[in-house]
Amino acid sequence: MSTDTPEAPDDDAPSRAELAARVDELEDALAEATSEDDAKKMSIIATKGTLDMAYPPLILASTAAAFGYDVTVFHTFWGLEILHEERSKNLKLSSVGNPNMPVPNAVAALPGMDRVTTKMMEKKIADNDTASIEELLETSLEMGVEFQACQMTIDLMDYDEDDFYDGVTTGVGAATALRDMADADIQLLV
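Let us look at the structure shown here. Computed from a prediction, not measured in an experiment: that's the story for all the values here.

Reading guide: rules and limits
Note that residues are indexed from 1 along each chain, following the sequence as it is written. Predicted model: local features are reported for residues with pLDDT of at least 70 only, side-chain atom pairs are reported and counted for 80 or more only, and whole-chain, interface and lining totals are derived from all residues. Side-chain metrics rest on all non-hydrogen atoms present in the structure, leaving aside hydrogens and water. Strand pairing is assigned whenever DSSP identifies at least 2 bridges connecting the two strands. Here a strand is any run of E in DSSP of at least two residues, a helix any run of H or I of at least four, and the numbering for each starts at the N terminus. Here the axes come from fitting lines to C-alpha atoms, over the contacting stretch only for helices, and the angles between their N-to-C directions go from 0 to 180 degrees. The contact criterion used throughout is that any non-hydrogen atoms of two residues lie within 4.5 Å. A side-chain nitrogen of Lys or Arg and a carboxyl oxygen of Asp or Glu constitute a salt bridge if their distance falls within 4 Å. Note on classification: 1.4 Å probe, protein chains only; a residue is buried when its accessible area is under 20% of the maximum for its type, exposed when over 50%, partly exposed between these limits.

### Thoughts on the sheet that holds strand β3 (residues 146-150)
Argument step 1. Taken in spatial order, the 5 strands make up an open sheet running β4-β3-β2-β1-β5, and their pairing is parallel. Lying at the two open borders of the sheet, with one neighbouring strand each, are β4 (169-172) and β5 (186-189). Across this sheet, the average inter-strand angle for adjacent strands is 25°, counted without regard to direction.
Argument step 2. Taken together, the 4 bridges between strand β2 (residues 70-75) and β3 define a ladder with parallel strand orientation. Counted as the bridge partner of Phe74 is Gln148 from β3.
Argument step 3. In this fold helix α2 (residues 51-66) packs onto β1 (41-46), β2, β3 and β5, with an angle of close to 170° to the strand it touches most, β1.

### Concerning the pattern of salt bridges
Oppositely charged side chains are able to pair whenever their charged atoms sit close together.
Argument step 1. If you walk through the whole model with that rule in mind, you get 4 salt bridges.
Argument step 2. Across the pair Glu25 and Arg22 runs a salt bridge, and its minimum N-O distance is 2.5 Å. Residue Glu25 and its partner Arg22 are located together in helix α1 (residues 16-35), separated by 3 residues, close to a single helical turn.
Argument step 3. A relative accessible area of 47% places Glu25 in the partly exposed class.
Argument step 4. For Arg22, a relative accessible area of 42% puts it in the partly exposed group.
Argument step 5. Between Glu122 and Lys119 there is a salt bridge, with its nearest N and O atoms 3.5 Å apart. Taken as a pair, Glu122 and Lys119 lie in helix α4 (residues 113-127) at a separation of 3 residues, close to a single helical turn.
Argument step 6. Residue class for Glu122 comes out partly exposed when judged on its relative accessible area of 29%.

Below you can see the structure in the form of structure tokens.
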């Protein structure tokens, strides 16, 4: 025979209503704590518009986006060439002053050598089945990467905003880029 007897209720114990209110309070606190944006952020500044320098910001941006990063790429000065729908298809590769070029500077400075080295690089890209600038840009946009065009550079260089790829954010200034960099977990200048 069991000798267990129910204990008398404790007068200090919270009521069901008090417990339910406390559970609601804790659930609200948990929802608030987890509703903050937990995504890592990456901010890239793209300043160059040559064929070889167009790839790094696009590859880094698309890769980071694939890993769940919230990515912004701010393009300024020659970096705007990457966002220009027509010009981005004709980016050149400078052979002068590039220590990794397979030609000495004296030869690289000859007329037409930039055209030769650009064709060499384009062939290497095609032979390697590497994505084009356009493909990388469009893939990045589909993945949610924000491409920003520096308004000061647009004005300075007389760009027409309609010539940029669809989805490019125009009218962005340095203050916005700095704020984005300050909030980012990773900042890169390319």
